[in-house]
Amino acid sequence: MPAANTHAFDQLHKLLEQLDRAEKMLELGPRRIAVAEKKVAAAQDACSAQKEEMQQLRKAADEVSLTLKTSEAGVAKHKQRLNDATANKEYQIIQGQITAAIAASGLLEDQVLNMLGDVDVAGEELSRLQQEVVTLQQKVVEVKAEVLSREPGLTVEIQRVTAEIAEVEKVIPGGEAKATYRRLRGAMGAAAMARMEDNYCSECNTAATPQDRVQMNMGEFILCRRCGRILYNPVQEADV
Ligand SMILES: [Zn+2]
């Protein structure tokens with residue numbers, strides 16, 4: 001009965017699609033783990049860069065602090081000289097120097113406070129980045145567990161579908177047709193087959209010739225004249 005063959009082609013295509021999906025899912029697992037691990041590495045790099053930046057900010061703040069101390073020491077020294085001043089003119093000059101040194105110290109003090117504020121902000125950002133590393137590391141653990149838990153099911157499914165395919169692909173006659181099927185399947189997987197939809201190949205939209213249609217209705221092995229895929233009539237609701 002030709003319809004039986006037509007059903008077998010339809011079934012074969014569905015099984016090949018199922019196998020492709022399961023194999024892709026299985027391959028996806030290690031790729032997902034690699035992506036998650038890459039994110040951890042990127043976050044760790046960001047932490048290192050942030051630590052480096054923090055160290056530089058702290059060093060710069062220390063340097064300005066040192067300048068501030070020198071400036072304050074200068075004020076004390078000028079004040080000492082003021083006590084020792086004898087002439088009025090000298091007194092006024094020193095007084096001017098003290099005023100300038102105090103103003104300079106004030107500016108330096110503001111600068112140091114601002115810089116220490118920057119160090120604090122950088123430290124908060126570092127904490128945030130470190131927390132992110134922990135979160136991403138946790139994510140890797142989760143992804144690994146999920147991938148591992150799915151693997152056995154997918155492996156069993158692949159084995160089962162492969163066995164079913166081996167049974168259903170018997171619909172393809174031996175010799176040249178079988179060799180063509182094996183070559184196409186090896187190269188394209190489930191995409192080696194194409195449904196006929198309203199007389200057109202579902203993959204390349206080429207119309208089937210009347211002769212193709214007759215052969216297809218008889219459940220014969222035919223290839224699309226344009227894209228070379230194995231063409232078949234899909235099972236209609238009414239056929240089932
Ligand atoms: Zn085609």
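As the structure is a prediction and not an experimental result, all values here were calculated from the model. (Residues numbered from 1 in each chain as written. Predicted model: local features only at pLDDT ≥ 70, side-chain atom pairs only at ≥ 80, totals over all residues. Heavy atoms only, no water.)

K.L.:
Go over the environment of Lys178 with me, naming the residues and quoting the values.
P.N.:
On the secondary structure map, Lys178 appears in helix H3 (residues 176-188). With a relative accessible area of 18%, Lys178 lands in the buried category. The sequence separation of Lys178 and Phe221 amounts to 43 residues, and the corresponding C-alpha distance is 9.4 Å. Other than its neighbours up to four places away in sequence, Lys178 contacts Glu169, Lys170, Ile172 and Pro173. Within the local environment of Lys178, its side chain forms a polar contact with the backbone oxygen of Glu169, the two atoms lying 3.0 Å apart. (Helix = DSSP H or I, 4+ residues; strand = E, 2+ residues; numbered from the N terminus. Buried < 20%, exposed > 50% of the residue type's maximum accessible area, 1.4 Å probe, protein only. Contact = heavy atoms within 4.5 Å. Polar contact = N/O pair within 3.5 Å; in protein donor to acceptor, adjacent residues only side chain to side chain.)

K.L.:
An account of the environment of Lys38 is requested, with residue identities and associated values reported.
P.N.:
Among the structural elements, Lys38 can be located in helix H1 (residues 2-84). Classification of Lys38 as exposed rests on a relative accessible area of 64%. Distance in space between the C-alpha atoms of Lys38 and Leu116 is 33 Å, their sequence separation being 78 residues.

K.L.:
Tell me about unusual backbone geometry, and name the residues and values.
P.N.:
Although it is not a glycine, Asp198 adopts a positive phi angle of roughly 50 degrees. For Asp198, the location among the structural elements is in the loop between strand S1 (193-197) and strand S2 (200-201). The residue Asn199 is not glycine, and still its phi comes out positive at about 75 degrees. Mapping Asn199 onto the fold places it in the loop between S1 and S2.

K.L.:
Can you lay out the nonpolar core for me, pointing to particular residues and giving the numbers?
P.N.:
Phe9, Leu12, Ile165, Ile172 and Tyr181 are the most contacted members of the largest nonpolar core, which totals 23 residues. Looking at this core, the elements with two or more residues in it are H1, helix H2 (88-168), H3 and strand S4 (230-232). For this core, the element with the highest residue contribution is H1, accounting for seven residues. Taken together, domain 1 (26-171) and domain 2 (176-239) each give at least three residues to this core, which thus spans both. Setting aside residues up to four positions removed in sequence, Phe9 forms contacts with Val171, Ile172, Met193, Gly219, Glu220, Phe221, Ile230 and Tyr232. Membership of the second largest hydrophobic core comes to 15 residues, among which are Ala36, Ala43, Leu136 and Val147. (Core = buried A, V, L, I, M, F, W, Y, C linked by side-chain atoms within 4.5 Å. Domains from an automatic or database assignment.)

K.L.:
Mind laying out the coordination of the zinc ion, listing which residues take part and the relevant values?
P.N.:
Distances from the zinc ion to its protein donors, Cys201 (SG), Cys204 (SG), Cys224 (SG) and Cys227 (SG), fall at 2.3 Å. Coordination at the zinc ion is tetrahedral, judged from the four donor atoms that bind it and the angles of 97 to 118 degrees they form at the metal. Judged by relative accessible area, Cys204 falls into the buried class, the value being 15%. (Donors = N, O, S within 2.8 Å, 3.2 Å for Na, K, Ca; no water. Tetrahedral: all angles 85-135°; square planar, octahedral: opposite > 155°, others 65-115°.)

K.L.:
Could you give an account of the pattern of salt bridges, naming the residues involved and the relevant values?
P.N.:
Taken as a whole and assessed by the stated rule, the structure comprises 13 salt bridges. Among the salt bridges present, the one from Arg128 reaches Glu132, with a minimum N-O distance of 3.1 Å. Here Arg128 pairs with Glu132, and both are found in helix H2, just four residues apart, close to one helical turn. When its relative accessible area of 33% is taken as the criterion, Glu132 is described as partly exposed. Ionic contacts of the salt-bridge type, sharing partners, join the residues Glu17, Arg195 and Glu197 into one network. (Salt bridge = Lys/Arg side-chain N within 4 Å of Asp/Glu carboxyl O.)

K.L.:
Describe the sheet that holds S1, listing the residues and the values that go with them.
P.N.:
Across the sheet, which stays open at both edges, the four strands sit in the order S2-S1-S4-S3 with mixed pairing between neighbours. Looking at the sheet topology across the chains shown, the edges are occupied by S2 and strand S3 (222-223). Across three bridges, the pairing between S1 and S4 is parallel. For Ala194, the partnering residue across the bridge sits in S4 and is Leu231. (Pairing = 2+ DSSP bridges.)

K.L.:
Report on the pairing of S1, specifying residues and quantitative values.
P.N.:
Sheet topology places S1 next to S2; two bridges connect them, and they run antiparallel. Across the sheet, residue Glu197 finds its bridge partner in S2, namely Tyr200. Hairpin remark: S1 followed by S2, antiparallel, with two residues in the connecting loop; positive phi at Asp198, about 50 degrees.

K.L.:
Tell me about empty space enclosed by the protein, residues and numbers included.
P.N.:
If you walk through the whole model with that rule in mind, you get one cavity of 30 Å³ or more. Taken as a whole, the largest cavity encloses approximately 40 Å³ of empty space. The wall of the largest cavity is formed by Cys201, Thr206, Ala207, Ala208, Asp212, Cys224, Arg225 and Leu231. Tallied by class, the residues present in the lining of the largest cavity amount to five nonpolar, one polar and two charged. (1 Å grid on protein atoms, 1.4 Å probe; cavity = no way out; pocket = protein on both sides within 12 Å on 5 of 7 lines; lining within 4 Å. Points joined across faces, edges and corners; volume = space filled by probe spheres on them. Nonpolar A, V, L, I, M, F, W, Y, C, P; charged D, E, K, R; others polar.)

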